[in-house]
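What the coordinates show
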Amino acid sequence: MKMLACCFAAAMAVFSATAGNEPHRKGEFALTFTETDPRGEMKEMLRRKFPELEINDKGIDKDTGYAVDSRTFEVVVPESYDPKVPAPLFVWVSAGMSGKVEANLRSSLAKRGIIYVGPNRAGNDVYPPHRYRAAMDAVLNMKKLYNVNPSQIYFGGNSGGGRTASMGCIIYPEIFTGGGYYVIGCDFWEYLTLPDGKRSWGFCPKIDKKFLTEAKGHAYVFLTGTDDFNREGTDRAYKAYLKAGFKNCFYNETKGLGHTMPPAEDVEKSFQFLEQYLFADAYAAAAQAEKLIKSRSYSQAVKKLEPFRGRCAAVDAAWDGLVAKADADIEKAVGASKLKPSLRISKLKQVGRTFGSAAADRVKKEIETIESSPEYQAELEEKARSKKKTKK
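These lines cover the structure that appears in this document, whether it is placed above or below.

The rules we used
- Residues numbered from 1 in each chain as written.
- Predicted model: local features only at pLDDT ≥ 70, side-chain atom pairs only at ≥ 80, totals over all residues.
- Heavy atoms only, no water.
- Phe/Tyr/Trp six-rings, centres within 6.5 Å; stacked < 30°, edge-to-face > 60°.
- Helix = DSSP H or I, 4+ residues; strand = E, 2+ residues; numbered from the N terminus.
- Buried < 20%, exposed > 50% of the residue type's maximum accessible area, 1.4 Å probe, protein only.
- Lys NZ or Arg CZ within 6 Å of the ring centre and 35° of its normal.
- Core = buried A, V, L, I, M, F, W, Y, C linked by side-chain atoms within 4.5 Å.
- Contact = heavy atoms within 4.5 Å.
- Polar contact = N/O pair within 3.5 Å; in protein donor to acceptor, adjacent residues only side chain to side chain.

Right, let's get into the packing of aromatic side chains. By the definition in use, this model includes 23 aromatic pairs. With a centroid separation of 4.7 Å and 40 degrees between ring planes, the pair formed by phenylalanine 33 and phenylalanine 73 is classed as tilted. Here the residue phenylalanine 33 occupies a position in the loop between strand 1 (27–31) and helix 2 (42–47), and phenylalanine 73 occupies one in strand 2 (residues 73–77), the gap between them amounting to 40 residues. Grouping residues by exposure puts phenylalanine 33 and phenylalanine 73 together as buried. Ring pairs connect the aromatic residues Tyr182, Phe188, Trp189, Tyr220, Phe222, Tyr238, Tyr241, Phe246 and Tyr251, which therefore count as one cluster. Seen from the ring of phenylalanine 29, arginine 25 lies directly overhead, with NZ or CZ sitting 3.9 Å from the centre. Here arginine 199 stacks its cationic end above the ring of tyrosine 191, 4.5 Å away from the centre of that ring.

Ranked by internal contacts, the top residues of the largest apolar core, which has 58 residues, are Ile170, Phe176, Trp189, Tyr220, Phe222 and Tyr241. Here phenylalanine 176 is in contact with Ala135, Met136, Val139, Ile153, Phe155, Gly168, Cys169 and His218, once residues within four sequence places are set aside.

Note on placement: asparagine 141 falls in helix 5 (residues 128–145). Residue classification places asparagine 141 among the buried positions, given a relative accessible area of 6%. Of note is the side chain of asparagine 141, whose polar atom sits 2.8 Å from the backbone oxygen of glutamate 35.

Now the structure itself:
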């Protein structure tokens, strides 16, 4: 009996592991992976001239080696995820040992349908090369489980995790195809001259130029605070990126913020910047819609925007502008008290044709209100009487 119980428990454990890695599962949970990316092996890191300081550094797990199946990964998949639509992937390496999503990131990620994955046991005390490997393995395995947009994979982290991300994004740009998200910590690949004449550390001065060429097309976020002891280094790295020809960069410095995660509102600003890369098709539609709005081709603008509503701020702002214009015209039609109810209805229908779905609900509601009014009923009765008189 005891043996049967043990067998049952073992079977359930296998079942749980299999169920846990069910493709396209939504929600928040931890996963264990079995496959590892060979590009994370030491010989490949050395070939890419990965920083010797990192490879020769000490840390937890250095002597025991790296095994992906001995690790767990925290995953958050938004309810809006659709297996038919490629979703962005956000990989996060924390300064601490937990891979759980930071509270101030949650809303911005969920709002945009971004999948999150963060390796546990990958904090600052862990042997550095293992942190990069965990991030790379997260990408490899999540792409097997989900419909990940291959061009929108971001690598982020805070403090030492931000430094880790800033190195991984540049040395492995073909893996982290969207770019980097550096919070209160990052490094630059070349040595930089400081105000006192000294030089700051460059993590890969002899980097292969082809990596930089590919990385330049990605987007990068730099977040810090006025009271963060890494502020100067973050500011210096940001300016060095721009000078090196990295045009797609965003920098934000939160007033009074020390060495901690920025508030959710500043995190949101950074994701609004990233939207133009996360949802390039939606941004293109918003730009086209703006031109159509200027030429008063409102119905065409509505058709451009409608498929992308709720995807990004640019689309939502353009849509809200159309709704505001439609509301103004509806108010004029409803407020034209000198006109007969039927003429007001006619004007409302014209607004509906002009603005389409941006006005449809309110137009319908206003028409129903007019049609149920005594004034409209009186007009219909008058028309009926006139029709009878004409027949006589």
